[in-house]
Every structure is written in C-alpha cells, then in structure tokens.
Amino acid sequence: MFYLLLLAAFGCALLLWRQPRGAGRALTAGAGVLFLAAALMLLLRQGFLPGHGPRRWTVNG
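*Asks:* So, the overall build of the chain: which residues are in play, and what are the values?
*Replies:* For the chain, the count of helices and strands is two helices and zero strands. A buried classification covers 13% of the 61 residues belonging to the chain.

Laid out in structure tokens, this is it:
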C-alpha cells in the first residue's frame, strides 16, 4: 500500500508538470500532497519512521 501511494504521488507530480496553470493543476497538487501524507501516516502507524516505535495499543485486542 505504501508503494502504491508513492506511485500515485509520483503520477500526480508528472501530471502537474504537464498541466498549464489553473484549477486542474491545483487539484493535482493537492492530491499529490494527500497521497504523500497518507504514505507517511502508514509508515508512522507501522513504526518505521526514525524516532517512532510501534503503537502500544491495538484496536482488535
């Protein structure tokens, strides 16, 4: 899932590079930022970022 989100963010960056100025460019940039944030939140949740350990509680028990 992490790599899929990174690939989607990279795709948004390529689309952003090809689009002229306007609302479509802003929407593409916003989607890219959301994909990168989601990828980093996955790493944070799994405890793979430096300085962050795994979470002490679990939802399912």
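That was the structure; now back to the text.
*Asks:* Kindly report on the packing of aromatic side chains, identifying the contributing residues and their values.
*Replies:* What the rule picks out here adds up to zero aromatic pairs. Just above the ring of W17 sits the side chain of R18; from NZ or CZ to the centre is 5.5 Å.

*Asks:* Account for helix α2 (residues 23-46), with residues named and values stated.
*Replies:* Compared with the 34 Å implied by 1.5 Å per residue over 24 residues, the 35 Å span of α2 between its first and last C-alpha is a close match. Every buried residue of α2 is accounted for by T28, G32, A39 and L43. Each element contacted by the buried residues of α2 is listed here: α1 (2-18).

*Asks:* Any chance you could break down the environment of L4 for me, citing the residues and the numbers?
*Replies:* Of note, L4 is situated in helix α1. A relative accessible area of 54% means that L4 is categorised as exposed. For the pair L4 and F35, spaced 31 residues apart in sequence, the C-alpha separation works out to 9.2 Å.

Calculation criteria
Each chain has its residues counted from 1, running along the sequence as written. Totals for whole chains, interfaces and linings use all residues, but because this is a predicted model, local features are given only for residues with pLDDT of at least 70 and pairs of side-chain atoms are given and counted only at 80 or more. The basis for every side-chain value is the complete set of heavy atoms in the structure, and neither hydrogens nor water enter the calculation. Secondary structure elements are defined from DSSP: runs of H or I of at least 4 residues count as helices, runs of E of at least 2 residues count as strands, and each element is numbered from the N terminus. Under the scheme applied here, a residue whose accessible area is under 20% of the maximum for its type counts as buried, over 50% as exposed, and between as partly exposed, the area being computed with a 1.4 Å probe on protein chains only. Paired rings are identified among Phe, Tyr and Trp, the last through its six-membered ring, by centres lying within 6.5 Å, and are further divided according to the angle between planes into stacked (under 30 degrees), edge-to-face (over 60) and tilted (the rest). Counting as a charge over the ring demands two things of the Lys NZ or Arg CZ atom: a distance within 6 Å of the ring centre and an angle within 35 degrees of the ring normal. One less than the residue count of a helix, multiplied by 1.5 Å, gives the span that helix is expected to have. Contact criterion: two residues are considered in contact whenever any of their non-hydrogen atoms come within 4.5 Å of each other.

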